[in-house]
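Structure at a glance
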Amino acid sequence: MQDFSGEFFDAFKLVAALDPTLLEVVGLSLRVSLCAVVIAAMVGLPLGAFLAVARFPGRGAAVILLNSLMGLPPVVVGLAVYLMLSNAGPLGVLQLLYTPGAMIIAQALLVTPIVAALTRQTVEDMRGEYAEYLATLGTGPFAMVATLLVDARYSLLTALLAGFGRAIAEVGAVIIVGGNINHVTRVMTTTIALETSKGNLAMAMGLGMVLIAIAVSINAVLMSLRSAATNAAYG
Amino acid sequence: MLDRPRSPQEPANVVAPRPVPAERVPAHALPSDPVLPLSARGLVFARAGRRLIDDIDFTLEGAGITLIMGHNGAGKSLLLRLLAGLVEPDAGTVTWNGRAPDRARATRVGFVFQKPVLLRRSALGNVVHALKCAGVKRAERKLRAHEALQRARLAPLAGVPARLMSGGEQQRLALARALALRPRVLMLDEPTASLDPTSVAHIEALALEAVRAGTRILFVGHDLAQARRLADEVVFMHSGRIAERTPAATFFDNPQSPLAARFLAGDLLLDEDRKLKREEETTP
Ligand SMILES: Nc1ncnc2c1ncn2[C@@H]1O[C@H](COP(=O)(O)OP(=O)(O)O)[C@@H](O)[C@H]1O
Ligand SMILES: [Mg+2]
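Residues numbered from 1 in each chain as written. Chains lettered and ligands numbered in written order. Predicted model: local features only at pLDDT ≥ 70, side-chain atom pairs only at ≥ 80, totals over all residues. Heavy atoms only, no water.

Attention now moves to the site of ligand 1. Residue and element names in this part refer to chain B. The local shell around ligand 1 consists of Phe45, Arg47, Leu52, His71, Asn72, Gly73, Ala74, Gly75, Lys76, Ser77 and Leu78. At 2.6 Å, a side-chain N or O of serine 77 approaches an oxygen atom of ligand 1. Compared with its free state, where it exposes 560 Å², ligand 1 has 63% of that area covered by protein. Of all the secondary structure elements, the ones that give two or more residues to the shell around ligand 1 are strand E1 (38–47) and helix H1 (76–83). In terms of residue count, H1 provides more of the shell around ligand 1 than any other element does, three residues in total. Of the residues in the shell around ligand 1, the class split is four nonpolar, five polar and two charged. (Near = heavy atom within 4 Å. Polar contact = N/O pair within 3.5 Å; in protein donor to acceptor, adjacent residues only side chain to side chain. Areas by Shrake-Rupley, 256 points an atom, 1.4 Å probe, with all protein chains shown as cover. Helix = DSSP H or I, 4+ residues; strand = E, 2+ residues; numbered from the N terminus. Nonpolar A, V, L, I, M, F, W, Y, C, P; charged D, E, K, R; others polar.)

Spelled out as structure tokens, the structure:
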């Protein structure tokens, strides 16, 4: 049985010393996933709110589709984005394959359904409660959506954080469309996979610690958001 | 022109016109009023084969407080929501000064629900939001919201999350929020049900103050003592119909319909009591 205590100690040193390679990888991870979540928010919040408020034929099917897209397998999304962005693909001219841009697109595709579906559920519940009151104010559809999005703010932040958690921990999609190129498209998850296979366990474990720390922080923020919402009866 | 919401600077609580029988004044002769006369013709709302609102004709004009009374399930809340344009009738029409209710005039008719609907914001935020929806300029919203809270004696609670307030405070906030828009007509659906006496007194005082400022009030209630304190006239409903409409002075001592007499005597009138309803219809 191998003893990993040496590697564990080295990993800890890498993190504590803010190793530049490690920081570069962590930095790119955060940038890519944050951008993906921003895009997912810009698309998912209005889309979810629209589905919650609008009534049109096929809406039920759209909701079911959206809910099932929440569980999209990342490798399938990676493959689809690869096909779109490859030279032979429809978006090949953009020359985005193996760039952080491609990774942002892939993660945004993964996160958008999560944000949209959770938004739809939250806003629809709240709409049932507010509809008659807002009608007494003569509120049109846009003002209604704006009101509901503001009042659902805590739940929606929760949805965005959940999306961020999924994006930053995901490996299948970014490795296909990013290619895990040193100094260009290496993020935490892909680097962990690579360094582990190379036997460089210190770097892999260091990045693993950072990833876990991020996950723990996200959950801590989620919990404090939830208790803030409950304390103000805003949940 | 008429469709435009009143500008915020304009004093909204114009002095109510003297009561004039609607038939003698065509709607277009009162162009200044955004809502009155508020009128229902042949109103029907039916569900599952039951006429919950059964062919109601009703006109609201003049000034003061009209109290709608009747047993649970008589259709009081439903009538109020139909008149406010919140629910579409299955037959008949509702008109606000001659035209169907529209979004542009929605804020001219205030509504306070039995269970207040408060946004997940502070007390002040609730009023500011309503003012924004009514088209009040940003610069004026805070000031007017604070005024409204002041009048409802909620000023110290301005920053408190509305949903953390007590039941009485929540209902006062809902009323203050409605009054901040200076509605022409205010509809109150049992606003004091299950409130403590102090809160009830507060709410009644606010309603009377609004009437003095020229707001026409439709008040659903079932407390006789309260009705005596507030009502200028009483509408008595039973089984989706208006059994009688009488000035308050005569209603309590000398109701015109046997149904209302039994109600005042504390009799339990069941909604299924259709035999009595038919008797009443046949005796003019
Ligand atoms: N949208 C609706 N669909 C079906 N039934 C309704 C609806 N709204 C009210 N009702 C029914 O109509 C009757 C009158 O209700 P309501 O107007 O609330 O009575 P109340 O006089 O106690 O306010 C009740 O039996 C109620 O269940
Ligand atoms: Mg009712």
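Turning our attention to the interface of chain A and chain B. Across the contact, 22 residues belong to chain A and 24 residues belong to chain B. For the pairing of chain A and chain B, the buried interface totals around 2,000 Å² over both sides, and the portion due to carbon and sulfur atoms is 56%. Contact with chain B buries area across many residues of chain A, yet Glu132, Tyr133 and Leu137 of chain A alone supply 32% of it, more than any other trio. Seen at the junction of chain A and chain B, the total is four salt bridges. Glutamate 129 of chain A serves as the salt-bridge partner of arginine 163 of chain B, at 2.2 Å between the closest nitrogen and oxygen. For the pair chain A and chain B, the interface holds 13 residue pairs in polar contact (both at pLDDT 80 or more). (Contact = heavy atoms within 4.5 Å. Buried area = accessible area lost by both parts, 1.4 Å probe. Salt bridge = Lys/Arg side-chain N within 4 Å of Asp/Glu carboxyl O.)

Next up on the list: the UniProt feature "transmembrane region" (unreviewed entry) in chain A. All names here are of chain A. Mapped onto this numbering, the UniProt entry gives "transmembrane region" (unreviewed entry) at residues 28–54, 61–85, 97–118, 130–150, 156–181 and 201–225. Across residues 28–54, the secondary structure splits into 96% helix and 0% strand, with the terminal C-alpha atoms separated by 38 Å. Strand forms 0% of residues 130–150 and helix 81%; the C-alpha atoms that close the span are 13 Å apart. (UniProt positions renumbered as here; feature names shortened; annotations may be inferred.)

Let's shift gears to the UniProt feature "domain: ABC transporter" (unreviewed entry) in chain B. Under the present numbering, the feature "domain: ABC transporter" (unreviewed entry) in UniProt falls on residues 38–264 of chain B. Split by type, residues 38–264 of chain B is 36% helix and 26% strand. Its first and last C-alpha atoms lie 28 Å apart.

In total, this model carries 19 salt bridges over all chains according to the counting rule given. Of the charged contacts, one joins arginine 51 of chain B and aspartate 54 of chain B as a salt bridge, the two residues approaching to 3.0 Å between their closest N and O atoms. Note on arginine 51 of chain B: relative accessible area 43%, which makes it partly exposed. Given the relative accessible area of 9%, aspartate 54 of chain B is considered buried. For the salt bridge of arginine 229 of chain B with glutamate 204 of chain B, the shortest nitrogen-to-oxygen distance reads 2.7 Å. One end of the pair, arginine 229 of chain B, is in helix H6 (residues 224–230); the other, glutamate 204 of chain B, is in helix H5 (residues 197–212), with 25 residues separating them in the sequence. Here glutamate 204 of chain B falls in the buried class, since its relative accessible area comes to 7%. Salt bridges sharing common partners tie together Arg59, Arg120 and Glu124 of chain A. (Buried < 20%, exposed > 50% of the residue type's maximum accessible area, 1.4 Å probe, protein only.)

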